Amino acid sequence: MPERPFVYSDGMLFCDGVPLSEIADRFDTPTYVYSAEAIRFAYHEIDQAFAGLPHRICYSVKANPNLSVCSILAALGAGADVTSGGELVRALRAGFPPEKIVFAGVGKSRAEIEQALTAGIGHFSVESEGELRLLSGVAADRATIAGFALRVNPDVNAHTHPYITTGLASSKFGVPIGEATRLYRLAATLPGLRAEGIGMHIGSQMEDLSPVVEATRGLAHLAAELLAQGVPLQHIDIGGGYPITYGDTQPDSPGKLTTAIEPILRPLGLLVLTAPGRRLVGAAGALLVRILYRKRNGNHAFIVADGGMNALLRPALYRAQHRLVAVRENTGEVQAQVVGPVCESADVLSFEETTPDVQPGELLAILDTGAYGFSMASEYNGRPRPAEVLVDGAAARLVRRRQSHEEMMVPEIDL
Ligand SMILES: Cc1ncc(COP(=O)(O)O)c(C=O)c1O
């Protein structure tokens, strides 16, 4: 089933039609493996959930910025939600039409604003009065008009991990909902601006999506007031945050959300934008690592893999628990902690007490790592980032090669 691309067949773990052992032999480890079919499946799932509303899915590029991954989504008709000049360049290269690109993020620089205006993006998601004034100034200097939507902070608790909760009054994101009307009025007096929309994004991995329903109600109410005041809104952006199943949980589906928000949004007659990242690519990816050692320190047993927090930061950063499965089926279980090679005690891949009983030389797959996996990887401890492989049916192709140690030093200047 494409939703679950990593399944056993003949005693070995496959990604769709390709055994992961073959990928490790061809491309070495640590390597991220993505299923193109699972990405397409996830896109269609969200697209169908929104079928009752005029809508556009803008892929949140930060979740997985690989060009080939982005190209799959661009080819399906998605737009893109980018948060930096770097993501913008990628989105354009991957084939997202500029007019379907939203520039989000709390800290756009003047250079990035200029870059986005030159590219002719759809609109800016503006997060502060200062940004609104800068956007106005830059657009006016260039004798052009910048379309914008205010990102409103609805002060709704997403009830997810504090690091990925973004819609509380205490968080840095968006403008307070009570200030939005004043800012749209201010924008109407500034040159170079056109109010095109309104938006929000309250958090990520919301297993219960009811906070989005509550926040949508507030946002839609505000949009209706603004429309009544003559603000020419064309779209309303409800953000991303759709959850995936990391363990045994049964999180809410996009369809459950849209059933609840359709009656709220339909009367507005606006184009509905949504910016999913994790749900589109998370379950489509696994990180493939090879076991280097097994060791015991006193009462503590460790399995040391060749990729750790440098390859997958989420466990160290959020204490995220991913499912770890052996590439060889039926290994049995052992009481041990799986750790990486990095010189940090936080370099843990699994917090579970038991783990597949894999021996040095064997392979482990860390599932549901297609989102915020490679994009958060680093070269810490002088380790190259993982390679990335895209599986499409029976074909496995390298979509990012591992850098050599020499290449990693290329930008440096040795005085
Ligand atoms: C503005 C914005 N939109 C969309 C997303 C995507 O979130 P998710 O991957 O949870 O769908 C994020 C994630 O941080 C975001 O900041």
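Fair warning: this is a prediction, and the values are worked out from it, not measured in the lab.

How each quantity is defined
- Residues numbered from 1 in each chain as written.
- Predicted model: local features only at pLDDT ≥ 70, side-chain atom pairs only at ≥ 80, totals over all residues.
- Heavy atoms only, no water.
- Salt bridge = Lys/Arg side-chain N within 4 Å of Asp/Glu carboxyl O.
- Helix = DSSP H or I, 4+ residues; strand = E, 2+ residues; numbered from the N terminus.
- Buried < 20%, exposed > 50% of the residue type's maximum accessible area, 1.4 Å probe, protein only.
- Phe/Tyr/Trp six-rings, centres within 6.5 Å; stacked < 30°, edge-to-face > 60°.
- Lys NZ or Arg CZ within 6 Å of the ring centre and 35° of its normal.

Peer 1: Please clarify how the pattern of salt bridges should be interpreted in this entry.
Peer 2: Pairing is possible between side chains that carry opposite charge, provided their charged atoms lie close to one another. What the rule picks out here adds up to 18 salt bridges. Between Arg40 and Glu37 there is a salt bridge; the shortest N-O distance is 2.7 Å. Of this pair, Arg40 and Glu37 both sit in helix 2 (residues 36-49), three residues apart, which is roughly one turn of that helix. Relative accessible area serves as the criterion here: at 23%, Arg40 is assigned to the partly exposed category. A relative accessible area of 35% means that Glu37 is categorised as partly exposed. Linking Glu45 and Arg279 is a salt bridge whose minimum nitrogen-to-oxygen distance equals 2.7 Å. Here the residue Glu45 occupies a position in helix 2, and Arg279 occupies one in helix 10 (residues 278-281), the gap between them amounting to 234 residues.

Peer 1: Sorry if this is basic, but what is going on with the environment of Gln250 here?
Peer 2: With respect to the helices and strands, the residue Gln250 is situated in the loop between strand 12 (235-237) and helix 9 (254-265). As for Gln250 and Asp357, which are separated by 107 residues in sequence, their C-alpha atoms are 27 Å apart.

Peer 1: In this structure, what is going on with the environment of Asn64? I would like to understand it.
Peer 2: In this structure, Asn64 sits in the loop between strand 5 (55-60) and helix 3 (67-75). A sequence separation of 290 residues divides Asn64 from Thr354, and the C-alpha atoms of the two residues are 29 Å apart.

Peer 1: How do you make sense of the packing of aromatic side chains when you look at a structure like this?
Peer 2: Pairs of aromatic rings are described using the distance from one ring centre to the other and the angle between the two planes. Applying the stated criterion across every chain, the model contains four aromatic pairs. Here Tyr32 and Phe374 contribute two aromatic rings whose centre-to-centre distance is 6.3 Å and whose plane-to-plane angle is 80°, an arrangement assigned as edge-to-face. On the criterion of sequence distance, the pair formed by Tyr32 in strand 4 (residues 31-35) and Phe374 in the loop between strand 20 (363-367) and strand 21 (387-392) is long-range, its members being 342 residues apart. When the centroid spacing of 6.1 Å and the interplanar angle of 25° are considered together, the rings of Phe103 and Phe124 count as stacked. Of the two residues, Phe103 sits in strand 7 (residues 101-103) while Phe124 sits in strand 8 (residues 123-126), which places them 21 residues apart along the sequence. Of the residues examined, Phe103 reaches a relative accessible area of 0% and is grouped as buried. Looking at Phe124, the relative accessible area reads 1%, which means it is buried. One aromatic cluster is present, built from ring pairs that chain together Tyr32, Tyr34 and Phe374. When the ring centre of Phe103 is taken as origin, the NZ or CZ atom of Lys108, which lies over that ring, is 5.7 Å away. Over the aromatic face of Phe351 sits the side chain of Arg319, whose NZ or CZ is 3.9 Å from the ring centroid.

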